[in-house]
Structures are given as structure tokens and as C-alpha cells.
Amino acid sequence: MNNLTIEKTKSTLKVFGDANAGKIELSGSSFPENAAEFFLPILSWISSYMLEGAESIIVDFKVDYVNSSSIKYISDIIEKIEVFHKAGGAGVINWYYAEDDEDIQDMGNEFAEDVLVPFNLIQE
Amino acid sequence: MGTPISIYQYDGTFTQRVIEGMHEEIVNHPLLQSNSQLLKTLVFIAIELAQNIQRYSANKIKCGITWTGKGFLSIEQTENGVKIKAKNQIEQEGQTRIKNVIEKLNSLDEDSLKELSKQQKKADAPQNSVGAGLGLIEMRRKSGNPIELEFIEYENNITLLCITITI
């Protein structure tokens, strides 16, 4: 399976999905004009990876700003990992935040409150 | 009463390039460098309001293959905090729906807003919405203040929607 590489722009995240390592990292700021157009290929890559018999996946979120449409799609990614985890896969979510960034820390906390998949909040 | 200090003002078409430029301008504004939390909240609300104009303004022009909304957005430092104002045209039939949504959000306490936000993250996006239906909820939560709303009637079934949020 191919890796997923999306270069960052002023309003979209950098994304690298490493199929061999079973890991995908999303970093930067996200306020795309069309969030569906940006995030659907990412969700699709994760689904394909899982369908190829993957046993584990790690998602690293290293975001510093996300608009509300992007929050919704991040929630969809987390939900996908949760479904995978409940079905017997090993899913892990790592949520990174800067020491002085309460917004991103709070956002991570809120996601962590409701998921049944290992969710690590990590101060950078 | 002190005179408000203008931090940002734009009147025109809210292309993605304009919104990216606004983001850069706010993030680098000298008046906002001493309070990183205020800056974060301000960036969030300004981009949400700008993207609402981009998507939902009734006054649109064609930019490439997409239609992009026109409107007005300003950010001012006032004695009572930072005020973000957004204005754009809407069709009159949308007025009641917007009024009801904002009145409901303004009536909710912090915990209820958090609960609503969680529900909305898991729900499908509302019909006729390009966004996630989360924007107004998150703006209300992050500002900690009621969303101020005003409608100015135009002619030909068009109303000017004016939203002000104070941080």
C-alpha cells in the first residue's frame, strides 16, 4: 500500500501516512475552504490501510489551529480509530499540544473524554 | 470613552487567499502579542466569521469554479474588549432560523454548550451547510459572551446580517 503525503499550505495540514510503520501524522493549521475535499482522502487512506489487514495504527495530531469544519473531520478520524480498536485492532491516538496552548489542550481533553481507544495527551 | 483601535478591517470578497492573509495579519499584529490565549480565540472567531461570509453570503461572485461570498469583517480593540464584527447579505427567509439558533446558544450555560458541541461533532452536518454546524457553538464557547445579532432589511428579499462577538 502506498504512503500518503500531503504538503502543508497556509490553510491546510501537512499529512504523512506511513503504511509500513502503521502511522499517520497530521500537523499544522487547518482552515481549508472545503474541509471535505481535504479530509476525505485522509479518511479514505486510513480505511484502505485498515482493510489491508492492519493490526495496529497510531495517529499523531500535532495541530496548532483548527477551524470548526476541521474539528468535525478530526472527530471522524478518531471515531474510525475507535471502531478499529473495538474490532480488535490496536489503535492509539497521540494528541500533542504546546505548553501555553490551552485551546489545543482543551480540544484534546474533550476528545479524550469520550473515546474508548488509548488517547495520550502529550505536552511538547 | 476611548476611541476603538482598529486591528483589522476588510470589505469585499472573502476568497481563501484573503482569509489566509487575514490570519497572517492577526497572528502578527503587535497589539496582540502579549496575550497568546486572546490571540488564539480571536483567530478562531475571525476565521469562522470570515468563512461564514465566504460560504453563506447571498452576495456572491464566481471565483474560478466556486462561488465566493462578499461581506465585511472588522476587529477593534475597545474599552470592553476585542470586538469582531461581521456583516453579509442573507435571504430574508434565513433570518428566523439564524435568530433562533443564536438565541438558543446565548441561553445555554458552559456545560450545556460543551454537551451540544460534543453532539454536533458526532452528527451529520446540517442540510444546506458546507460547514460542520459547529462554528457558532464554538464561537459562543470560546468568547464566553453572548453573540450579538442584528438584521437590517434591504429590498428584494435581502437582509443584512450583522454579528458582533466580544472577547
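The shown structure was predicted, so the numbers you read here are calculated from the model rather than taken from an experiment.

**Student:** Help me understand the overall build of chain A in this model?
**Tutor:** Assigned secondary structure in chain A consists of 3 helices and 6 strands. Ordering the α and β elements of chain A from the N terminus gives β-β-β-α-β-α-β-α-β. Whereas a compact globule of 124 residues would reach a radius of gyration of roughly 14 Å, chain A reaches 14 Å, a difference of no more than 12%. Here the C-alpha coordinates of chain A stretch approximately 40 × 30 × 20 Å along the principal axes. Taken across its 124 residues, chain A has 52% of its residues classed as buried. A fraction of 63% describes how many contacts in chain A between residues 6 or more apart in sequence connect residues 24 or more apart. Accessible area for chain A stands at about 5,600 Å²; split by element, carbon and sulfur atoms hold 46% of it. Taking the average location of the 8 positive side-chain charges in chain A and that of its 22 negative ones, the two points are 6 Å from each other.

**Student:** Got a minute to help me understand the packing of aromatic side chains in this structure?
**Tutor:** Here a ring pair, both rings aromatic, is described through the centre-centre distance and the interplanar angle of the planes. All chains considered together, the criterion is met by 9 aromatic pairs over all chains. Aromatic pair Tyr65(A) and Phe44(B): ring centres 6.2 Å apart, planes at 70°, arrangement edge-to-face. On the criterion of chain membership, the pair formed by Tyr65(A) in strand S4 (residues 56–66) and Phe44(B) in helix H2 (residues 36–56) is interchain, its members lying in two chains. Pair check on accessibility: Tyr65(A) and Phe44(B) agree, each one buried. An aromatic cluster is present here, built from Phe61(A), Trp95(A), Phe111(A) and Phe119(A) joined pairwise through their rings. Lys62(A) extends its terminal NZ or CZ atom over the ring of Tyr96(A), reaching a point 4.8 Å from the ring centre. We note Lys121(B) situated over the ring of Phe111(A); from NZ or CZ to the ring centre the distance is 5.0 Å.

**Student:** Would you mind going over the sheet that holds strand S6 (residues 119–123) of chain A with me for this structure?
**Tutor:** Paired through their backbone hydrogen bonds, the strands of a sheet run either parallel or antiparallel. Residue and element names in this part refer to chain A. An order of S1-S2-S3-S4-S5-S6 is seen for the 6 strands of this open sheet, with the pairing classed as mixed. Of all strands in the sheet, those bounded by a partner on one side alone are strand S1 (4–6) and S6. Each adjacent strand pair in this sheet contributes to an overall mean axis angle of 15°, direction not counted. Bridge count between strand S5 (residues 90–97) and S6: 5 bridges; the pairing is parallel. Bridge assignment links tyrosine 97 to a residue of S6, and that residue is glutamine 123. Along the sheet, helix H2 (residues 68–86) contacts strand S3 (23–30), S4, S5 and S6; its crossing angle with S4, the most-contacted strand, is approximately 165°.

**Student:** Explain a negative patch on the surface to me, please; I cannot follow it from the model alone.
**Tutor:** Residue and element names in this part refer to chain A. Residues Glu99, Asp100, Glu102 and Asp106 make up a contiguous surface patch of negative charge. Assignment of secondary structure puts aspartate 106 in helix H3 (residues 102–114). The class for aspartate 106 is partly exposed, based on a relative accessible area of 39%.

**Student:** Which parts of the structure should I look at to understand unusual backbone geometry?
**Tutor:** Note: most peptide bonds trans; most residues except glycine with negative phi. All names here are of chain B. At asparagine 157, a position not held by glycine, the phi torsion is positive, near 65°. Turning to its location among the elements, asparagine 157 is positioned in the loop between strand S5 (148–153) and strand S6 (158–166). A residue is classified by how much of its surface remains accessible, and asparagine 157, at 41% relative accessible area, is partly exposed.

**Student:** Sorry if this is basic, but what is going on with the interface of chain B and chain A here?
**Tutor:** How big an interface is tends to be stated in terms of the accessible area lost upon association of its parts. Across the boundary between the two partners, chain B contributes 32 residues, which contact 24 residues of chain A. Interface of chain B and chain A: buried area, both sides summed, is about 2,400 Å²; carbon and sulfur atoms make up 43% of it. Viewed at the interface, chain A and chain B are joined by 8 salt bridges. One can count 19 residue pairs in polar contact (both at pLDDT 80 or more) joining chain B with chain A. It is H2(B) that provides the largest number of residues to the side of chain B that touches chain A, a total of 11 residues. For the side of chain B that touches chain A, a count of residues per class yields 7 nonpolar, 13 polar and 12 charged.

**Student:** Sorry, what's going on with the side chain of Lys118(B) here?
**Tutor:** Among the structural elements, Lys118(B) can be located in helix H4 (residues 110–122). Under the relative-accessibility criterion, Lys118(B) is labelled buried at 13%.

**Student:** Looking at this structure, I do not really get the packing of H2(A) against H4(B). What am I missing?
**Tutor:** Helix-helix packing: each pair is described by the crossing angle between the helix axes and the interaxial distance. Remark: H2(A) packs on H4(B), axes separated minimally by 8 Å, with the N-to-C direction vectors making an angle of 70°. Our classification of the angle between H2(A) and H4(B) gives roughly perpendicular. Relative to H4(B), H2(A) is oriented so that their crossing is right-handed. Residues Ile71(A), Lys72(A), Ser75(A) and Asp76(A) of H2(A) form the contact with H4(B), whose own contacting residues are Gln120(B), Lys121(B) and Lys122(B). Looking at the contact of H2(A) with H4(B) residue by residue, the class counts come to 1 nonpolar, 2 polar and 4 charged.

Cut-offs applied
- Residues numbered from 1 in each chain as written.
- Chains lettered and ligands numbered in written order.
- Predicted model: local features only at pLDDT ≥ 70, side-chain atom pairs only at ≥ 80, totals over all residues.
- Heavy atoms only, no water.
- Helix = DSSP H or I, 4+ residues; strand = E, 2+ residues; numbered from the N terminus.
- Rg over C-alpha atoms; globule rule 2.2 N^0.38 Å.
- Buried < 20%, exposed > 50% of the residue type's maximum accessible area, 1.4 Å probe, protein only.
- Contact = heavy atoms within 4.5 Å.
- Areas by Shrake-Rupley, 256 points an atom, 1.4 Å probe, with all protein chains shown as cover.
- Lys, Arg positive; Asp, Glu negative; His and termini not counted.
- Charge placed at Lys NZ, Arg CZ, Asp CG, Glu CD.
- Phe/Tyr/Trp six-rings, centres within 6.5 Å; stacked < 30°, edge-to-face > 60°.
- Lys NZ or Arg CZ within 6 Å of the ring centre and 35° of its normal.
- Pairing = 2+ DSSP bridges.
- Axes fitted to C-alpha atoms, helices over the stretch in contact; angles between N-to-C directions.
- Patch = residues over 30% accessible without salt bridge, like charges linked within 9 Å, V, L, I, M, F, W, Y side chains within 5 Å.
- Salt bridge = Lys/Arg side-chain N within 4 Å of Asp/Glu carboxyl O.
- Buried area = accessible area lost by both parts, 1.4 Å probe.
- Polar contact = N/O pair within 3.5 Å; in protein donor to acceptor, adjacent residues only side chain to side chain.
- Nonpolar A, V, L, I, M, F, W, Y, C, P; charged D, E, K, R; others polar.
- Parallel < 35°, antiparallel > 145°, perpendicular 65-115°, else oblique.
- Left-handed = near helix turned anticlockwise from the far one by under 90°.

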